Amino acid sequence: MTPRDPSSGSHPKKTAEEAGAGQPPAARPARKKSAAASGGSAQPAKSARKAAPPEPAPRPAPRTTAKKTAQKAAAEKTTTKKAIAKKATAKKTTAKKTTAEKATAKKAAAGRATAGEKTVAAEAVTRKATARKAVTRKSAAPKPAVQKTAVQKTTVKKAVPEQPGPQRAAARGTAGKAAAGSEPAAARQTVPAQKALPVRKAAASPIPDPADRQRLLEGTHHDPHTVLGAHPVPGGVAVRVLRPYARAVTVVLDEVRAELHDDGDGFFSGLLPLPREELVPAYRLRVAYDDAVQETEDPYRFLPSLGDFDLHLIGEGRHEQLWRALGAHPMTHQGVSGTRFAVWAPNARGVRVAGGFNFWDGTAFPMRVLGGTGVWELFVPGVGEGELYKFEITRPDGSKTMRADPLARRTEVPPATSSIVHASHYEWGDDGWLARRAERPAHEAPLSVYEVHLPSWRPGLSYRQLAEELPAYVKELGFTHVELMPVAEHPFGGSWGYQVTGFYAPTARLGTPDDFKYLVDSLHRAGIGVLMDWVPAHFPRDDWALAEFDGRPLYEHEDPLRSAHPDWGTLEFDYGRREVRNFLVANAVYWCEEFHIDGLRVDAVASMLYLDYSREPGRWRPNEHGGRENLDAVAFLQEMNATLYRRVPGVVTIAEESTAWDGVTRATHHKGPSGFGGLGFGLKWNMGWMHDSLQYMSHEPVHRKYHHHEMTFSMVYAYSENYVLPISHDEVVHGKGSLVSKMPGDWWQQRANHRAYLGFMWAHPGKQLLFMGQEFAQGAEWSEARGPDWWLLDPQYGAEADHRGVRELVRDLNAVYRDTPALWQRDTHPSGFAWVVGDAAEDNVFAFLRFDAEGTPLLAVSNFSPVVRDDYRLGVPDDVPAWHEVLNTDAARYGGSGVTQPHPVKPEPQGWHGRPASIRLTLPPLSTLWLRPA
C-alpha cells in the first residue's frame, strides 16, 4: 500500500463531533520522508503529511468520541443539536446522525486557567443502532509542546465492541493504508470487555521533552527506549508512543484500555493511574489507522536482547561467532516472537530500521546504542523470516543513508539490494564426512580440485538443481574437491563474485542459504570436499553497502593512500581496527561452521601483505619500521588462520599469494629469517610454477630446449611452502585463451600437448587445480555469460571423440592419483621426489621419481617433442624387479597415437643417470607416462 497524497483540507471521513466542534485533529507539521534504497532497490517512500491549521480560538475545544450506540433522547439530560461533517475539497457531503452535545462552561478570564485544570466536554450521541450507554471521554486541554509543566490525563475506558458502518470515524491523517501495515505482523483482535481503573490526578507530564521529540523525529536519538514505551513517573506510569500516520493509539492492559492523547507529529502519550511502586505491566498497543485497527506489541517495552558478554567480545574484537550477535535474528524475547536487529555503526548520530514491515519508513523504529561499543539494537515484535529490511543511518553531518546489513545472512536477488530476515531450518546429513575429513591433514592427503563458477557451470540452474548434477559429474571425473568461485553476495555478476557486498550471504541468484547448504551437503555425501573462494582483501564502493558505512571510513582505512585499491577501484579493509578484523575472522569461521565448507582459498593475499602493492613511489607510506610490509594485514591473516584451524577440525586454508613472502604456510608461532611468524595457511597457490610451465608449453617444440629451465625451476623452491598447482579461471580469460588453445601446432598436436601437460602436472609435487571446461579441452576461453561449451561432448558433434578423450584422461589421472600414495603423501617433503633426468633439454624429456612414506616409487616421464623416441634409457632403482605402465597420455582412447608399453619393463643392470640400473622405454610424441613397480 502507498500513503495518500497529503491534503490540506479536512478529511471526508471526519467524525461528526469533530465537525460540530469546528476543530480539526491535532496539527502535524509537514514532514518529507525518502526511504528509497540506493543501488537499485525499489522501495516505497512515505508521502509528506500536512495538517490543516487549527481555526482561531482562545482555547481549543475538546474533542469527544463519536459513539455508535443509540440512546433515547428523552432519557438524556442534554440538549440535542445536529452536526454535519464537511470537507472543503470534497465533492460529496455525508449526512451525519443527530448528535446531542453538552457544552461545558468556559472560563471567562484566562488567568483562572492553570496547568492542572481540565476542561471537560461530555456529550450524548443519538444513534439508530442498538442502544448503548455512551462512554464519556475526558481530556486535558493540551498546552503547546514546549510547556513541560502541562498535565495530561489519560481516559480509561471500558471495552466496546467495534460496530461496522459509516458511523465510525474512518481516518485522520494522510497515510492510513501504508501505515496500516507498519505494525509488523500485527493481528486484528477482538478485545473483551475490560474494567476501568480509578483515575488519579497526574503529578507529572507524559508529554515527551521537546529535545527528545526533535531528536526522535530527526532520527538522531541514541536511546529512544528512555523516552518511548512505559516509564514510572510521579502519579502513575507514563506511556509514550511514536506512530506516524496513526489516528489513535490505545494502551491495552489485561483488564483495561487507555486511549493516549495525540501530541502531534505521530506522538501519543498518556498517564496510566497505576501504582508507581509496581512493575510496569506487559501491555499492547491498539493502533487505529485510516482503514484498519491493529493490535501489536510495543518495541520499546523490551529490555536489550543482546547480552553484556556479546558486547564485551565485540568491543574486544574477539567475537568468533559475530553473526550470532549482529544482523537480524528471529527470536522469542520476553515471551514474544519477533526479530532482533543489531548493527555496528559507531559514528552514526542515529540508526533506524526500515523495511517492508513499516513501508520503508523507519521513523517509528529508532534503535538504541548499547554502551560504548557502537552497536545499535532494537527488538521488533511480530517481524519474522522473509521480511526485507535496511538500516537508515544518520551520518555525523546530519544526512541520511540507507544501508544493507553487513551481516545479513540472506539478500534480495541483485540488482535489488535489501537484506532479508533469515533463519536456517536445514538438517545436515554429512556427519560421516565431517568425522573423516580430519583424519589426515590436507597436505598429506590426495587433493585434486575442480574449480567451478556456479552461475555459469550449467547456466540457469539453482543450487538444488546443481546438487542433482554437479556431485555426480565431479565424482565421475574423480576429483577430490570442488572449489567454488566466490558465492558470497555481489552486485555485479561480471566480477565473478570477487567484489563482495554480502559477506555473510550466499548469492541469492541461485537460491536461499538453505539451498546452498543442500548443495554442499550433496557434495559431501558424494565424497567430495568443498572449498570456497574468500575475498577479505577489498570491497566495492557501492553507496548502499560497506563504503563509509556510517558516514565516515569504517570498514576501510581512514588514510586514502591505504584505503583505495589501485587495480580494481575498490576499497581495502582496515586490518588495524579490531572490529574490522573481527568482522573478517568471524566471517571465515561462519562459512566453515554454518555451511560446512571444508576450506577457504583466500584471494589476493599479496595485495594485502604489501603497502606498496601496485602503488607508485609517493603513493604509499612505510610501516612503523620503515618497511613495505602491511603489519596489520599480517596480524589479521595469522589470527584468521589460527582461529579457523582451532575451531574447525579438518579445514584447510589456501593462499593465492604470488610473491616470495617467507612463511605463508608456516605455523604462526614459528618465526622465519625475516623475523615474521608464519601466516599459518595450509597450502599456497604456486603461481610461479603456473606461469613458467605455461610459458614453456606455449613455445614450439623446436624452441623448447631453450626454455627447459622453465619446467625444472619449480623444484628449486618446491618445498619452501605447501603448494597447489593452479590452472585456474585467471588463465583462461581476458584474451589468454583456453588451456588447449595455448598449445602450439595443429589440432592433434594441441590436444597431445594438453594431455601431456596434465600428466606432468598431476605427477609434479603439489596438489592440482583445474578450471571447468579444461577437463575436455574446450577451445574457447571462458565466459561467465556462456559457461563451458558442453556441446563439444554431444555425440552428434563430429569432433566429440577428441574432447571426450581428454575428459577420459582426466578421469584416469585422478583415479591413479588417488590410488598412488607416492603422488601425494610426501608432497611437502624432499624425500618424496628425485630427478632421474632434468637436463635433457635437447630431447625435451623430463623424468623423475615420486615416493610414498614406505619408499614405494612411481616413475613419471614426459616427452615434449613431437617425435617418438625408441629405446630411451633411464636410470632407475635396482630394487624394483619390473615396471608396469599405469598411464600413458598417448593412449588411443584419449585421442593419442597409441604408442604404449603393454608389457612390464624389466630393469637392466647397466647403471644410468647415476643409478645402478636402467630401463629402456619407447617414448610417444608429446606425451607423459607413469610407471609403477609391477
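Since this is a predicted model, take the numbers as computed values, not measurements.

### Quick word on the packing of helix H15 (residues 747–763) against helix H16 (residues 800–818)
Turning to step 1, where the next piece is worked out: Viewed as axis vectors pointing N to C, H15 and H16 meet at an angle of 10°, and their least axial separation amounts to 11 Å. When the axes of H15 and H16 are compared, the pair comes out roughly parallel. Here H15 contributes Trp-747, Arg-751, His-754, Arg-755, Leu-758, Gly-759 and Trp-762 to the contact with H16, which in turn contributes Asp-802, His-803, Val-806, Leu-809, Val-810, Leu-813, Asn-814 and Tyr-817.
Turning to step 2, where the next piece is worked out: Here the contact of H15 with H16 is built from residues that sort into eight nonpolar, four polar and three charged.

### So, the confidence of the model for the protein
Turning to step 1, where the next piece is worked out: With 78% of its residues at a pLDDT of 70 or more, the protein shows a mean pLDDT of 83.
Turning to step 2, where the next piece is worked out: Within the model, the stretch residues 1–183 combines pLDDT values under 50 with 368 contacts to residues more than four positions away or in other chains.
Turning to step 3, where the next piece is worked out: For the stretch residues 185–203, pLDDT sits under 50, and the model shows 49 contacts to residues farther than four places along the chain or on other chains.

### Topic: the sheet that holds strand S22 (residues 481–484)
Turning to step 1, where the next piece is worked out: With respect to topology, eight strands assemble into a closed barrel ordered S21-S22-S25-S28-S29-S30-S31-S32, the strand pairing being parallel. Geometrically, the sheet is characterised by an average inter-axis angle of 25° between neighbouring strands, direction not taken into account.
Turning to step 2, where the next piece is worked out: With respect to the sheet, helix H10 (residues 578–594) is in contact with strand S25 (529–534) and strand S28 (599–602), its orientation differing from that of S25 by roughly 155°.

### Concerning helix H3 (residues 210–218)
Turning to step 1, where the next piece is worked out: Within H3, burial applies to Asp-212, Arg-213, Leu-216 and Leu-217. One face of H3 carries all of its buried residues, which in axial projection span an arc of 130°.
Turning to step 2, where the next piece is worked out: On its buried face, H3 sits against strand S6 (236–242), strand S9 (261–264), strand S10 (267–272) and strand S15 (350–355).
Turning to step 3, where the next piece is worked out: Of the residues that open H3, the one with a side-chain oxygen 2.9 Å from the backbone nitrogen of Ala-211 is Asp-209.

### Section: the sheet that holds S9
Turning to step 1, where the next piece is worked out: On the basis of which strands lie adjacent, the open sheet formed by four strands has the order S5-S6-S10-S9 and antiparallel pairing. Looking at strand neighbours, the two that pair on one side only are strand S5 (229–233) and S9, the edges of this open sheet. Going from strand to strand, the sheet's axes swing by 25° on average, the running direction of each strand aside.
Turning to step 2, where the next piece is worked out: Both S9 and S10 contribute to a ladder of three bridges, which runs antiparallel. The partner of Asp-262 across the bridge, within S10, is Phe-268.
Turning to step 3, where the next piece is worked out: Packing of H3 onto the sheet brings it into contact with S6, S9 and S10, and relative to S10 it is tilted by some 140°.

### A closer look at the packing of aromatic side chains
Turning to step 1, where the next piece is worked out: One pass over the structure, following the stated rule, counts 49 aromatic pairs.
Turning to step 2, where the next piece is worked out: A centroid spacing of 5.2 Å and a plane angle of 55° characterise the contact between Tyr-463 and Phe-516, whose relative ring orientation is tilted. In this pair, Tyr-463 is assigned in helix H7 (residues 463–477) and Phe-516 in helix H8 (residues 513–525), connecting sequence segments 53 residues apart.
Turning to step 3, where the next piece is worked out: Judged by relative accessible area, Phe-516 falls into the buried class, the value being 0%.
Turning to step 4, where the next piece is worked out: Ring centres of Phe-503 and Phe-583 lie 5.8 Å apart, and the angle between their planes is 70°; this geometry places the pair in the edge-to-face category. Here Phe-583 lies in helix H10 and Phe-503 lies in strand S24 (residues 502–506), a separation of 80 residues in the sequence.
Turning to step 5, where the next piece is worked out: The ring of Trp-685 has Arg-601 lying over it, and the distance from NZ or CZ to the ring centre is 4.1 Å.
Turning to step 6, where the next piece is worked out: In this structure, Arg-873 is placed above the aromatic ring of Trp-912, and the distance from its NZ or CZ to the ring centre is 5.6 Å.

Calculation criteria
- Residues numbered from 1 in each chain as written.
- Predicted model: local features only at pLDDT ≥ 70, side-chain atom pairs only at ≥ 80, totals over all residues.
- Heavy atoms only, no water.
- Axes fitted to C-alpha atoms, helices over the stretch in contact; angles between N-to-C directions.
- Helix = DSSP H or I, 4+ residues; strand = E, 2+ residues; numbered from the N terminus.
- Parallel < 35°, antiparallel > 145°, perpendicular 65-115°, else oblique.
- Contact = heavy atoms within 4.5 Å.
- Nonpolar A, V, L, I, M, F, W, Y, C, P; charged D, E, K, R; others polar.
- pLDDT = per-residue confidence, 0-100.
- Pairing = 2+ DSSP bridges.
- Buried < 20%, exposed > 50% of the residue type's maximum accessible area, 1.4 Å probe, protein only.
- Arc of directions from axis to C-beta.
- Polar contact = N/O pair within 3.5 Å; in protein donor to acceptor, adjacent residues only side chain to side chain.
- Phe/Tyr/Trp six-rings, centres within 6.5 Å; stacked < 30°, edge-to-face > 60°.
- Lys NZ or Arg CZ within 6 Å of the ring centre and 35° of its normal.

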